[in-house]
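Descriptive structure summary
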Amino acid sequence: MKLWKISSLYYGKITVPKGNLAAGLDPDLLIDFPYTGFLLRNGDENVLVDTGIHADHIVDGRAWGGCPAEGGASFVLDALAKEGLTPEDIDTVIYTHLHNDHAGNALLFPEAKTYFQKDEYTNLLNPLPTQKIREDFDPRTPGDLARLKHIYMFDGNLRLPNGLELYKVPGHTSGSIAIVVPTAEGRYVITGDIPHLGIALFPKLDTYELLGGECIPITPAPDNMMPYLFNSVIYDHYAAYDSYNLLKCLAEAFEPKWYLTGHDPWVINRHSFG
Ligand SMILES: [Zn+2]
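We now turn to the structure provided with this report. (Residues numbered from 1 in each chain as written. Predicted model: local features only at pLDDT ≥ 70, side-chain atom pairs only at ≥ 80, totals over all residues.)

Strand order in the open sheet made by the five strands is 8-9-10-11-14, with mixed pairing throughout. Strands with a single pairing partner mark the edges of an open sheet, and in this sheet they are strand 8 (158–159) and strand 14 (259–261). Two elements, strand 10 (residues 177–182) and strand 11 (residues 187–192), share four bridges in a ladder whose sense is antiparallel. Bridge pairing in strand 11 links V180 to V189. (Pairing = 2+ DSSP bridges. Helix = DSSP H or I, 4+ residues; strand = E, 2+ residues; numbered from the N terminus.)

Here the focus is helix 3 (residues 118–125). Looking at helix 3, one finds that the buried residues are E120, N123 and L124. When helix 3 is viewed along its axis, its buried side chains cluster within an angular range of 105° and face the same direction. Away from the buried face of helix 3 by more than 90 degrees, exposed residues T122 and L125 are located. On the buried face of helix 3, the contacting elements are strand 6 (113–117) and helix 5 (141–146). (Buried ≥ 20, exposed ≤ 12 C-beta atoms within 10 Å, placed from the backbone. Arc of directions from axis to C-beta. Contact = placed C-beta atoms within 7 Å.)

Take helix 2 (residues 73–82) next. Among the residues of helix 2, F75, V76, A79 and L80 are the ones counted as buried. The arc that holds every buried residue of helix 2, seen down its axis, measures 130°, which confines them to one face. Of the surrounding secondary structure, the elements contacted by the buried residues of helix 2 are strand 1 (5–17), strand 2 (30–41) and strand 4 (69–71). Phi for G84, located one or two positions after helix 2, is positive at around 80°.

Right, here's the structure in full:
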């Protein structure tokens, strides 16, 4: 089996109080969180993980929760161009989940094999009231998916013939998945938004790396918030505990560097893995 190389892709960003994604810790600290995609290459196949936010979903420069944001198809195209690729070069698209900032540009890849979890599709079609209020799911996404030519909707865990491992990790949404990517360095886990940030899995971290590379001090979680730091976008806490416990088992080691989350700036800064 061939090993993979991973590149993180910058699809834009959203400016959110850190407290929103860290159980209220450091509520006055505003941070630019990237919209992140990943390109996985093994020499035979180009796999894209997530397609970012649709430009129409950013209204007057604001997106999820009314927070300032930038993004759209042009960011996806620019990120691919920096890797020397166009959308036609993408063989496979895997969605960690179908939230508006992860599946907004599906129509750029109509011919790609497209993987997502069955329960995620059910959640997309039947959002909770709290998910509707913020339009966590883009109303355009069901129609977009219907126009894709090669849908691979699966239920549970799946090991692909190319060596990528897909694990169901519900809690943030009903059908989120994590992707284990075997590389020459070891096993990386692309987590999607459960957790959004590494500090959710490692709540005692006391520094945080911003876009551009500057590190700032942050408040480590108090002991009564351990072992994991959940935020207000966890819709099923029982499922989330199971998912975090599973994530803990999947990587090369239970250390922050192996967990490539949906919105951590350091993942964009480092860019290449494996
Ligand atoms: Zn999400």
